[in-house]
Amino acid sequence: MSLTLQNLRALEILDSRGRPTLAVEAWLSDGTRATAQVPSGASTGTHEANEKRDGGERYGGKGVREVAGTVASVFLPGLLGLSAEDQRALDARLIEIEGTANKSRYGANATLGISCAVARAVSASRREPLFRTLAVGPPLLPVPMINILSGGLHAGGNLEFQDFLIVPHGFPTLADALEATVRIHTTAGEILRRSGYALTGVADEGGWGPLLPSNEEAMFLLTIAIAEAGYLPGAQVSIALDVAATQFYREGKYHLASEGRELTSGQMVDLLARWCGSYPVISIEDGLAEDDWDGWAELTARLGSVQLVGDDLFTTNAARLRDGVRRKAANAVLVKMNQIGTLTETLDVCALAREIGYSAVVSARSGETEDSFLADLAVASGAGQIKIGSVTRSERLAKYNRLLELEAWEGLAFPRYDGNR
Ligand code: PGA
Ligand code: ZN
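Fair warning: this is a prediction, and the values are worked out from it, not measured in the lab.

J.: I would appreciate a short explanation of the sheet that holds strand E13 (residues 359-363) in the present structure.
T.: Each strand in a sheet pairs with its neighbour through backbone hydrogen bonds, running either in the same direction (parallel) or in the opposite one (antiparallel). Strand order in this closed barrel of eight strands is E4-E5-E6-E10-E11-E12-E13-E14, and the pairing throughout is mixed. Shown here is a sheet whose adjacent strand axes are inclined to one another by a mean of 30°, direction ignored. Strand direction decides the pairing type here: strand E4 (residues 143-150) and strand E14 (residues 385-387), joined by three bridges, are parallel. Paired with Val143 across the strands is Gln385, a residue of E14. Here helix H6 (residues 215-228) sits on the sheet and contacts E4, strand E5 (163-168), strand E6 (237-242) and strand E10 (281-285); the angle it forms with E5, its principal contact strand, is near 25°. Across the sheet, helix H11 (residues 343-356) is in contact with strand E12 (332-335) and E13; its angle to E12 comes to roughly 165°.

Pasting the structure below:
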């Protein structure tokens, strides 16, 4: 008997920053119901699909009650009775109803919530783990890149560079990799305290958000923390960066306000190249701004042996990724579901990355919920890497804990990944 979509409803809930976001519930013809919750970014790229907000007084304009209303009033009539198991056709209809290229009419938050809720309802109806419902190839447990020190928009602008992350790649299991991560996170906190840096809690993604004299000091402290926690920097645990450079790029210059200097693209590339020589860096995300294509080409020509990830650069958009290939920019893509707005488009970007020889990193947003959908998506996509944030906030741990379940109960193997391209 075919499973069809029978009903949809949506609700305004709160994300990990206390900002409104959507929960969507899908009902299928066999009576199954399931919900999905939608994430939300802060350091967003200009080319992302649009996140619709109500405007007005509530939550400073960020309410989504009206957006929630459109799920039943605008989308449901066009989706009712469609096969819930044909995600591609369902998402195509969603895109058609939404009606704009960047989902600015009714919002990518609405389309994504519907897309994910239907997939989860199908998995519940079939009584199979979500990653099996989503799978497009062999499932693969991802190696995490985990935020230990935070800056930029996620930590009150203490530093310009946004995430200083570790990649625990030299471990037989994800469980072992996470134990090492917790130890390094704790050690980093102790080092910061001991060094007299003000620490008032954790930033939006659970990393420490210290006031440091320079961005490089964070690289130095992170390397020390890996070693002091008892691990071999580079051999067991390496460093990844999310510079999020778009956020401090103005009028052709990268403004490192905390250091009182401005850099050109070329000087940014010099700085990153020097860091790659001095610290065990294996991955750099958004090392340059979203439309600095010439800079990206130079960065890629010089540092192509490092994983160079486009987040704001590509915004999970296949057309921009194809542009990147043409311009020889980056060699990896960050994959965020709500940057594009449906599951099918998200998985298509993963497939395109594989086809063109770019690696893919499935990623959460800085505003998250307790939904663990992303863990199953990462496994299903076969991307092999995931970026969720740190190990101290439950909206992050919902995903890590789901991955631990998948490792232990579904017998998925933890891949060895050393960042070598
Ligand atoms: P965002 O941050 O969700 O605030 O965009 C995450 C990232 O830049 O990777
Ligand atoms: Zn990023």
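J.: Just to check I follow, could you spell out the sheet that holds strand E2 (residues 20-28) for this structure?
T.: Taken in spatial order, the three strands line up as E1-E2-E3 in an open sheet, and their pairing is antiparallel. The open sheet is flanked by strand E1 (5-14) and strand E3 (33-37), the only strands paired with a single partner. On average, adjacent strands in this sheet sit at an angle of 20° to one another, irrespective of strand direction. Pairing of E2 with E3 involves five bridges; the strand directions are antiparallel.

J.: What exactly am I supposed to notice about the site of ligand 1 here?
T.: Lining the immediate surroundings of ligand 1 are 14 residues, of which Ala42, His154, Arg365, Ser366 and Lys387 lie closest. Between ligand 1 and Ala42 there is a distance of 2.7 Å, counted from an oxygen atom to a backbone nitrogen or oxygen. Interatomic distance of 3.1 Å between a side-chain N/O atom of Asp242 and an oxygen atom of ligand 1. When isolated, ligand 1 has an accessible area of 270 Å², and the protein chains bury 99% of it. Taken domain by domain, the shell around ligand 1 gets at least three of its residues from each of domain 1 (5-127) and domain 2 (143-409).

J.: Before we go on, may I ask you to explain the pattern of salt bridges in this structure?
T.: The full count for this structure, using the stated rule, is 27 salt bridges. A salt bridge links Arg274 to Glu216; the nearest nitrogen and oxygen atoms lie 3.1 Å apart. Pair noted here: Arg274 is in helix H7 (residues 265-278) and Glu216 is in helix H6, with a separation of 58 residues, a long-range link. Between Arg393 and Glu395 there is a salt bridge whose closest N-O contact spans 2.7 Å. The same class applies to Arg393 and to Glu395, which are both buried. In this structure, a network of salt bridges that share partners links the residues Asp163, Asp242, Glu285 and Lys387.

J.: Please clarify how the domain arrangement of the chain should be interpreted in this entry.
T.: The accessible area lost on association of the parts is a frequent measure of interface size. Here the chain is partitioned into domain 1 (5-127) and domain 2 (143-409). On a C-alpha basis, the centres of domain 1 and domain 2 stand 27 Å from each other. Each partner contributes residues to the interface: domain 1 has 34 residues there, and domain 2 has 32 residues. Note on domain 1 versus domain 2: buried area summed over both sides is about 2,700 Å², and carbon and sulfur give 48% of it. Ranking the residues of domain 1 by area buried against domain 2 places Ser16, Ser43 and His47 at the top, with a combined share of 24%. At the junction of domain 1 and domain 2, the tally comes to five salt bridges. Here Glu48 ties to Arg365 by a salt bridge, and the two come within 3.1 Å at their closest N and O atoms.

Calculation notes
- Residues numbered from 1 in each chain as written.
- Chains lettered and ligands numbered in written order.
- Predicted model: local features only at pLDDT ≥ 70, side-chain atom pairs only at ≥ 80, totals over all residues.
- Heavy atoms only, no water.
- Pairing = 2+ DSSP bridges.
- Helix = DSSP H or I, 4+ residues; strand = E, 2+ residues; numbered from the N terminus.
- Axes fitted to C-alpha atoms, helices over the stretch in contact; angles between N-to-C directions.
- Contact = heavy atoms within 4.5 Å.
- Near = heavy atom within 4 Å.
- Polar contact = N/O pair within 3.5 Å; in protein donor to acceptor, adjacent residues only side chain to side chain.
- Areas by Shrake-Rupley, 256 points an atom, 1.4 Å probe, with all protein chains shown as cover.
- Domains from an automatic or database assignment.
- Salt bridge = Lys/Arg side-chain N within 4 Å of Asp/Glu carboxyl O.
- Buried < 20%, exposed > 50% of the residue type's maximum accessible area, 1.4 Å probe, protein only.
- Buried area = accessible area lost by both parts, 1.4 Å probe.

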